[in-house]
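Observations on the three-dimensional arrangement
One letter stands for each residue in the lines below.
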Amino acid sequence: MSDGQDDEGPRRPRNLQGLLNFCTEITAREDTTGPSQLHALDPERRAFLEEALSSMTVDVVKRLAEALKSLCNEAVTMPSENVAEQERAMEIIEEYVDDLNHAEDLQKLGGFPVLMKCLDSPHTSLRTGAASLIGDICQNYLNCQESMLSLNIMPVLLDMIDTDEDDQAKIKAMYAVSCLIRHCPKGQEEFVKADGLSYLMRAMQSGVEKLIVKSAFILTNFVRKNDSHKATAVSMGFVEQLLTILSSDKFDNISREHCTAALLNLAASYPPALAECLRPELNASEILTSRLDSIKGKEELQEEEGYIQEILVLMRRGIGDCEENTNR
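**As for the packing of aromatic side chains**
One pass over the structure, following the stated rule, counts one aromatic pair. Relative to Phe-222, the ring of Phe-191 lies with its centre 4.8 Å away and its plane at 70 degrees, an arrangement referred to as edge-to-face. Here Phe-191, found in helix H11 (residues 185-193), pairs with Phe-222, found in helix H13 (residues 209-223); they are 31 residues apart in sequence, far enough to count as distant. Phe-191 sits in the buried class, given a relative accessible area of 0%. The buried category is assigned to Phe-222, whose relative accessible area is 8%.

**Notes on helix H7 (residues 124-138)**
The first and last C-alpha atoms of H7 sit 21 Å apart over 15 residues, in line with the 21 Å expected at 1.5 Å per residue. Taken across its 15 residues, H7 has 13 buried, putting it largely inside the fold.

**Quick look at the state of the cysteines**
Going through the model one piece at a time under the given rule, you end up with zero disulfides. Looking at Cys-72, it has no disulfide partner, and the nearest cysteine sulfur is the one in Cys-118, 8.0 Å off.

**Quick word on the pattern of salt bridges**
Think of it this way: side chains of opposite charge can pair up when their charged atoms draw near. In total, this model carries 12 salt bridges according to the counting rule given. Linking Arg-127 and Asp-164 is a salt bridge whose minimum nitrogen-to-oxygen distance equals 2.7 Å. Separated by 37 residues along the polypeptide, Arg-127 in helix H7 and Asp-164 in the loop between helix H9 (153-163) and helix H10 (167-181) bring together distant segments of the chain. This pair shows no difference in class: Arg-127 is buried, exactly as Asp-164 is. Notably, a salt bridge pairs Lys-186 with Glu-190, separated by 3.2 Å at the nearest N-O pair. Within this pair, Lys-186 and its partner Glu-190 are both found in helix H11, separated by four residues, close to a single helical turn. Residue classification places Lys-186 among the partly exposed residues on the basis of a relative accessible area of 34%.

Criteria and thresholds
Residues numbered from 1 in each chain as written. Predicted model: local features only at pLDDT ≥ 70, side-chain atom pairs only at ≥ 80, totals over all residues. Heavy atoms only, no water. Phe/Tyr/Trp six-rings, centres within 6.5 Å; stacked < 30°, edge-to-face > 60°. Helix = DSSP H or I, 4+ residues; strand = E, 2+ residues; numbered from the N terminus. Buried < 20%, exposed > 50% of the residue type's maximum accessible area, 1.4 Å probe, protein only. Expected span 1.5 Å × (residues − 1). Disulfide = S-S within 2.5 Å. Salt bridge = Lys/Arg side-chain N within 4 Å of Asp/Glu carboxyl O.

This is how it looks when you write it as structure tokens:
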């Protein structure tokens, strides 16, 4: 907060952009119309610039190592301990692991088993933070995905989705699972081995909006190119579960949009799923038509409207095919 006094000098830069602004401001103050006058930096200005540059040079590996050391403290496993230091350690790791090189630095430092241990912490903030970091680290990084999976982490994360007492921890565990199986054959194999679709089904039935959204998203992408996975999903009752969500007023528009997208993906690419939609007792046509009437013309729901229209077209064709086969 300003104390009301004007500071005529340039502000001390705190990052590279600040340094650039500082240099630009200094240059702009030079009289470019007169003869150039080059002067050596006075000691005070030199010290100022050296300190500014030094403050922006960070030894990332050292910071990651220090953060991991903090997470190895016994406070992680003790319910009565204050874990503010460990929470800050996770924030430090989060600052860097979006960069693949630093994610691999963390791996080389032995950080993956440390994060996995935090998933079992009695402190909700550490379980949630660890699951979130695992997702960040593994997202589209095959080497990190496979290294994390080698620790047998998939069952641990799926169990969190089922049993953790905190919804946010469950949501972050679901995020980590999503990142572990995305474009990763080994992750998908481990997901199948652990009966991952059953965990998705229970998450969809939990009533927690973000779990429903993430479950529908994973379902859509997991079964997209694999008829065997689609067959399992249909046999488990996912078509009926998706329609149950779409028929309820309890869920928000985002949940319904993702569930409609998942239903369209199944119905459009796997005939038994479409046949399931045509079962009279599921009332799919009535549910979808009613939802379509309630959102028609609403710009923010255009995608869901399009999904529903596509499903209804598929269903009409399916009914026509059934009638044609009956008349033969």
